[in-house]
Structures are given as C-alpha cells and as structure tokens.
Number of protein chains: 2
Amino acid sequence: MPATGRREQAAETQHALKAAARRVFARKGYLNTKITDITAEAGRAAGSFYNHFASKEALLSALLGDLAASGDESAVTEGHLSDFSDPAAVRWHVEQYWAFYKEHAATMRALRQAAMVNDDFARTLASFGASQAADIAGHLDRVTAAGMRLPADTDLSILMMYQLIDNFAQMWLASPAPVGWTPPTDDEAVEALTRFIYRGLTGRDY
Amino acid sequence: MPATGRREQAAETQHALKAAARRVFARKGYLNTKITDITAEAGRAAGSFYNHFASKEALLSALLGDLAASGDESAVTEGHLSDFSDPAAVRWHVEQYWAFYKEHAATMRALRQAAMVNDDFARTLASFGASQAADIAGHLDRVTAAGMRLPADTDLSILMMYQLIDNFAQMWLASPAPVGWTPPTDDEAVEALTRFIYRGLTGRDY
DNA sequence: TGTACATCAGTGAACGCGCGTTCACTGATGTAC
DNA sequence: TGTACATCAGTGAACGCGCGTTCACTGATGTAC
C-alpha cells in the first residue's frame, strides 16, 4: 500500500475543499461565494468539486454535519451549572455558547445566509435554535422556584435570551466589525451578556 | 390636460412597481425575487422596470428613501419620554420601534437580506442602527444618575438593547412564523421586551 | 378647432453574460495472473 | 517480481440554463402651426 492511496487522496481533497470553503465563507460570505472560488482557494480544478459534493448546499450540509459531530464531543463537558437563579450558571452557559460560536463562526454565518434563501436551511437554523432553547428550559424552573418572576412566559423568555446571545455572537465573531467600533474582548462580551440576561430573566441586580 | 397625462402614468407605474416589490419581498424575500416577479406582480412588462429603476438595488434604495421620508413625518410625535430609569420611557421607545417595524416590515427584511450580499446596504443598515442608538444614548444618563449600574459600558448596553428589539421585531413581524409557535400579540411582545430591557439596563425589578 | 409631427411610457421577444455543471481526457493507483 | 489491464481522482475547456438587460416597435399623449 503506497504512502498515498486513492482513498487518502480523495479524503484529503474533500477536506481541503471544506477547509477552503470555511475560509472563503468567512471572507466573502456564503451567498457571494462561487464554486470556483472554493476550488481556487483549495488549489483544485473546478470539476473536482463534483467528485465530492453535489452542490454548494451539499457542502454546507457536510460542514454542519462536522459541526454537530464536534458539538457532541464537547457536550459532555463537566461543570454544567443549571440553576439560573445563580449568575454563575448563566455565565457558564453564555461562555459555552460564545466558545462554540467562536469555533464555528464561519459555518454559522454561512448557515444564516443560506437560511435567508433556502427553506431547508431555514428549518435547520430554527431547529438548532430550538435545541439550544430546550437545553435551557429546565433551568428556568429554579428561577421561579426562588420566587423570581420571568419577564414573560418561559418560551418567550428563553427566546429573548437566545436571540440576544446569538446575535451578539454573530455580530462580533462572524461579521466584519462595524467601522468605528472596537470589538469587546471575549471576557467583556460574556460579562455584558451575563449581566443583561441574568437581570432580564430574574429581575435581580447583578 | 387629460385625466391621465404622461407624468401621472409614469408615477402610477413607478408606484405600482414599488408596491408590488414590497409584496413580493414580503412573500419570497429580497434575494429570491427576480425582476420579472416584480413586474408580473405589478402587471407590467419586464422592460418597463428599467424606465423607472436601474436595478433591483436601485428600487430598494427608493423604498428606503420612502421609509426615511415617512419616518421624518412621524418623528415629531409628542409624548417622547426620555428618562430610562422609568419603565414607561423604555416601553414608549419599544412601542415606537415596534410600530415602525410593523409598518415597514417588508422593506426592513429586504434591507437585511441585501446587507448580507452588498456592502453598501450593509453600511446603510449599520448606520440605521447607529442612528437609533444615538437617539437613546442620552436617555441612559438618567439611569446612572439615579444610582443604577448599566450592564456594560454605554455603547455595548445600547447595542444589546437594540439588537434584542430589532431581532425580536424581525422574527415576529418580518419573517414566516416558525412552526409550532403562536406569535405574541403586539402588547405581549412590547411588554416582554420592556421588562427584559428595563431589567437588563437598570438591574431593577419590574 | 384641426392636422401633422414629436415625444415618450410601455411592451415583450431576443440577446448575452455569469456561473453551475458536464465530460472526454490524463496519469497515477490498484488488481489479476 | 513483472506485465497488462482496470479503476478512479483529478483536470479544465466547453456547454447551456437562468435571468438581467436591451431595443425596435406600438399607441397614446403632447406640441406646433
């Protein structure tokens, strides 16, 4: 068996295409990226693309698959805090999401853009949000149990929290920074979100 | 002078194209809309479009111009409350923005989509946000003056507030409702946002 | 008021550009004997 | 181990579809005299 068999070569090219796609998506956005932009970035011929993916959408689906796989690995992280009447639990979740988003910024941005144009990806994005929300739902019981009042019913409260984190991450981690702004450090961002959300959800100062 | 002169006819057609565009944008989104979708919806020939607009972008710019014009009219509304240490002032601003967004949902959605693909519109959207933020900046002085602590520095605090309102409005007023959700009434939405934001900004319960 | 000509909004078939996709070809890797 | 053939990843020029854009034409409105 030679140092570089056919399987290996194919796997290598496929990986190069995915890596190139992530770079190009980050640079010009999913919607503005042409197939040939990806193959050029990967240093392959245009036709090579179709040996590996049926379309740009299929490639994005593959990237999302990778993301889900890597998510499953880190999901078992210990230290999971679940009592949202404690600011530390809120911060822990904010940190987790922030780190996740930072890792997968290019893919998340691509997904958002694809969702604007394609119903399938819109559903993917919605169910991603729903699964995040489901993880949190239980944690809010402790808030009401501790005698605090949520700002709205549970679903809307979680939705507001999720939208805030997600859009904030989107803005600072997956978009060109607006002119005249200095991006917050990770700590500043996490702290700002934690305060706003803890206060918003519980009505307590922090 | 005849009942329908050339000027009038041209104005009518231009108006019909803009109205048709808003309807089609609302239905399928800006990016998925073809020039011929707009002319068909308006009941005109494809070529007619170019008597009035140089491109789809130019049409969107025209819609944004109309929006700015109608915004200026209603900007002088009385009852402007500016002391954000008072929840009523927060609610007043949330209501204003909610009503604005409801009125212009199709155009705002189109702008968002265009901004994903086109740097000029990205800047337009950013400066729209910045002008909203600038209107608010002064109101937060009263919060700190009243001895309350903002969740972050002024800019980030305003940004979080703005993102929350804007995305929430975007979701419920300018997008197809996600399956399995019942959209909140206007009052519910305004109330939920007001609580979350007032608490988030001031650290006081409400 | 009437006639002849000019202008212009609107039309829709045709054109052509951009880009996704194909496919005949190359050369390297794998297999059979 | 060697030879002949099969398979397959990669190539890039060419094809063709979709859609934005043009333009010669029509008929109605405006103007000149």
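Throughout this description, residue numbers start from 1 for each chain and increase along the sequence as written. Ligands are numbered from 1 and chains lettered from A, in the order in which they are written. Whole-chain, interface and lining totals are the exception, using all residues; otherwise, since this is a predicted model, local features are given only for residues with pLDDT of at least 70 and side-chain atom pairs are given and counted only at 80 or more. Each side-chain value is worked out from all heavy atoms of the structure, with water and hydrogens disregarded.

**Quick notes on the interface of chain B and chain A**
By the convention used here, residues are in contact when the closest approach between their heavy atoms is within 4.5 Å. Listed by partner, the interface residues are 36 residues for chain B and 36 residues for chain A. When two parts are brought into contact, each loses some accessible area as probed by a 1.4 Å sphere; the total of that loss over both is the buried area. Looking at the side of chain B facing chain A, the largest losses of area belong to Met 116, Phe 196 and Arg 199 of chain B, adding up to 22% of the total buried there. Salt bridges, as used here, are contacts in which a Lys or Arg side-chain nitrogen is within 4 Å of a carboxyl oxygen on Asp or Glu. On inspection of chain B and its partner chain A, the count reaches one salt bridge. In this structure, the salt-bridge partner of Asp 205 of chain B is Arg 149 of chain A, at a minimum N-O distance of 4.0 Å. At the level of elements, α8 (154-173) and α9 (186-202) of chain B are the ones that each hand at least two residues to the side of chain B that touches chain A. We count a stretch as a helix when DSSP gives it H or I for four or more residues in a row; a strand needs E for two or more, and each element gets its number in order from the N terminus. At 12 residues, α8 of chain B tops the list of elements feeding residues into the side of chain B that touches chain A. Each residue gets one of three labels, nonpolar for Ala, Val, Leu, Ile, Met, Phe, Trp, Tyr, Cys and Pro, charged for Asp, Glu, Lys and Arg, and polar for the others, Gly among them. Among the residues making up the side of chain B that touches chain A, the classes are represented as 22 nonpolar, eight polar and six charged.

**Some points on the domain arrangement of chain A**
All names here are of chain A. For each domain, the first and last residues come from an automatic or database assignment. Segmentation of chain A into domains returns domain 1 (1-53) and domain 2 (57-202). Taken over C-alpha atoms, the centre of domain 1 sits 29 Å from the centre of domain 2. Carbon and sulfur atoms supply 71% of the area that domain 1 and domain 2 bury against each other, a total of about 1100 Å² over both sides. Three residues, Lys 18, Tyr 30 and Leu 31, lead the burial of domain 1 against domain 2; their summed loss comes to 48% of the area buried on that side. Between domain 1 and domain 2 we count one salt bridge in total. When the shortest N-O distance is used, the salt bridge between Lys 18 and Asp 66 registers 3.0 Å. Counting of polar contacts relies on pairs of N or O atoms within 3.5 Å, with two restrictions inside protein: one atom must be capable of donating a hydrogen and the other of accepting it, and residues adjacent in sequence are counted only when both atoms are side-chain atoms. Where domain 1 touches domain 2, the interface holds five residue pairs in polar contact (both at pLDDT 80 or more). Top contributing element to the side of domain 1 that touches domain 2 by residue count: helix α1 (residues 6-28), with eight residues. For the side of domain 1 that touches domain 2, the residue count by class is nine nonpolar, one polar and four charged.

**Quick look at the pattern of salt bridges**
Residue and element names in this part refer to chain B. With the rule as written, the count across this model stands at 23 salt bridges over all chains. A salt bridge links Arg 91 to Glu 191; its shortest N-O distance comes to 2.7 Å. Placement of Arg 91 in helix α4 (residues 87-103) and of Glu 191 in helix α9 is noted, with a sequence separation of 100 residues between them. Of the charged contacts, one joins Asp 166 and Arg 112 as a salt bridge, the two residues approaching to 2.2 Å between their closest N and O atoms. On the criterion of sequence distance, the pair formed by Asp 166 in helix α8 and Arg 112 in helix α5 (residues 105-115) is long-range, its members being 54 residues apart. Under the relative-accessibility criterion, Asp 166 is labelled buried at 5%. Only protein chains enter the accessibility calculation, which uses a 1.4 Å probe. A residue is then buried if its area is under 20% of the maximum for its type, exposed if over 50%, and partly exposed in between.

**Comments concerning the relation of the copies chain B and chain A**
Alignment of the copies relies on least squares applied to C-alpha atoms, considering only residues that score at least 70 for pLDDT in both. Once chain B is rotated about the relating axis by 180° and shifted along it by 0.0 Å, it coincides with chain A to within an RMSD of 0.0 Å. Seen this way, the second copy is the image of the first under a two-fold rotation axis. Among all residues of chain B, the minimum C-alpha distance to the rotation axis is found for Gly 200 of chain B, at 2.4 Å. A high fraction, 100%, of the interface residues of chain B reappear at the interface in chain A, so the copies pair face to face through one surface.

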